[in-house]
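Next come the chains, spelled out residue by residue.
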Amino acid sequence: MTVRDPVRLDLQAQPASVSEARRFVRRVLTDWDLPEVIDTVALLTSELATNAVLHARTPYAVLVQRDNGDVRVDVLDGSEVAPWRRKNTQLAATGRGVAMVERLSTAWGSTPAEDLQGFAKGVWFAVPASGVGESTWDGRDWLDGL
């Protein structure tokens, strides 16, 4: 088991920052030699960063850490509005990010107040660093399940 101090990237609430967040977690996980989880972690980070840009509309931070065999990512922003899982119609263009995080991570939730580092809210997810135990969801039930 390897414990890593959190690595942080601060970003502005601009659409281009979402790809910066994705590249950041890819670099960190590559440096930590965790290729098995790069795609899943980058996708879920992208979803939470997009939510920060679209809904919080404040600067935000992405924190990546490894502890107890998991990779954990927190996305912290300046909004006090808690995340929720929407129930959308099949034709809705948005609103599936939290459901995707729920399906592809082993755990997720709101970042505890003591870990907010000056932000108003945070959302985190965790995936096993080994990639073992990752979701077996294959996407075929994408619209039915979301």
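Note that the structure is predicted; figures quoted are calculated from it, not measured. (Residues numbered from 1 in each chain as written. Predicted model: local features only at pLDDT ≥ 70, side-chain atom pairs only at ≥ 80, totals over all residues. Heavy atoms only, no water.)

**A short note on the overall build of the protein**
Check the secondary structure of the protein and you find 4 helices and 5 strands. The N-to-C order of helical and strand elements in the protein reads β-α-α-β-β-α-β-β-α. Evaluated residue by residue, the protein yields a buried proportion of 43% over its 146 residues. Restricting to contacts in the protein with at least 6 residues of sequence separation, those with at least 24 account for 66%. With an accessible surface of roughly 7800 Å², the protein has 50% of that area assigned to carbon and sulfur atoms. (Helix = DSSP H or I, 4+ residues; strand = E, 2+ residues; numbered from the N terminus. Buried < 20%, exposed > 50% of the residue type's maximum accessible area, 1.4 Å probe, protein only. Contact = heavy atoms within 4.5 Å. Areas by Shrake-Rupley, 256 points an atom, 1.4 Å probe, with all protein chains shown as cover.)

**A look at the pairing of strand S5 (residues 121–128)**
Look at any regular strand and the pattern is simple: side chains alternate between the two faces of the sheet. Among the 8 residues that make up S5, 8 are buried, leaving the element largely enclosed by the rest of the structure. Every second residue of S5 is oriented toward a common face, with Lys-121, Val-123, Phe-125 and Val-127 on one face and Gly-122, Trp-124, Ala-126 and Pro-128 on the other, all of them buried. Both strand S3 (residues 70–77) and S5 contribute to a ladder of 8 bridges, which runs antiparallel. What sits directly across from Val-73, in S5, is Phe-125. Taken together, the 4 bridges between strand S4 (residues 107–110) and S5 define a ladder with antiparallel strand orientation. Pairing of Ser-110 across the sheet is with Val-123, part of S5. (Pairing = 2+ DSSP bridges.)

**Overview of helix H2 (residues 38–56)**
Each α-helix turn comprises 3.6 residues. Residues three or four places apart therefore point the same way. In this model H2 runs 26 Å from its N-terminal to its C-terminal C-alpha over 19 residues, within 8% of the 27 Å that 1.5 Å per residue would give. Where H2 terminates, the next one or two residues include Arg-57, which has phi positive at roughly 55 degrees. (Expected span 1.5 Å × (residues − 1).)

**A short note on the confidence of the model for the protein**
On average, residues of the protein carry a pLDDT of 82, and 77% of them reach 70 or more. For the protein, helix H4 (residues 142–145) is the element with the lowest average pLDDT, namely 44, and helix H1 (residues 16–31) is the one with the highest, namely 96. (pLDDT = per-residue confidence, 0-100.)

**Describing helix H3 (residues 97–104)**
Here H3 lies mainly inside the structure; 6 of its 8 residues are buried. The set of residues buried in H3 consists of Gly-97, Val-98, Ala-99, Met-100, Val-101 and Leu-104.

**Digging into unusual backbone geometry**
Even without being glycine, Asp-33 reaches a positive phi, approximately 55 degrees. Assignment of secondary structure puts Asp-33 in the loop between H1 and H2. Assessed through its relative accessible area of 61%, Asp-33 is described here as exposed. Although it is not a glycine, Arg-57 adopts a positive phi angle of roughly 55 degrees.

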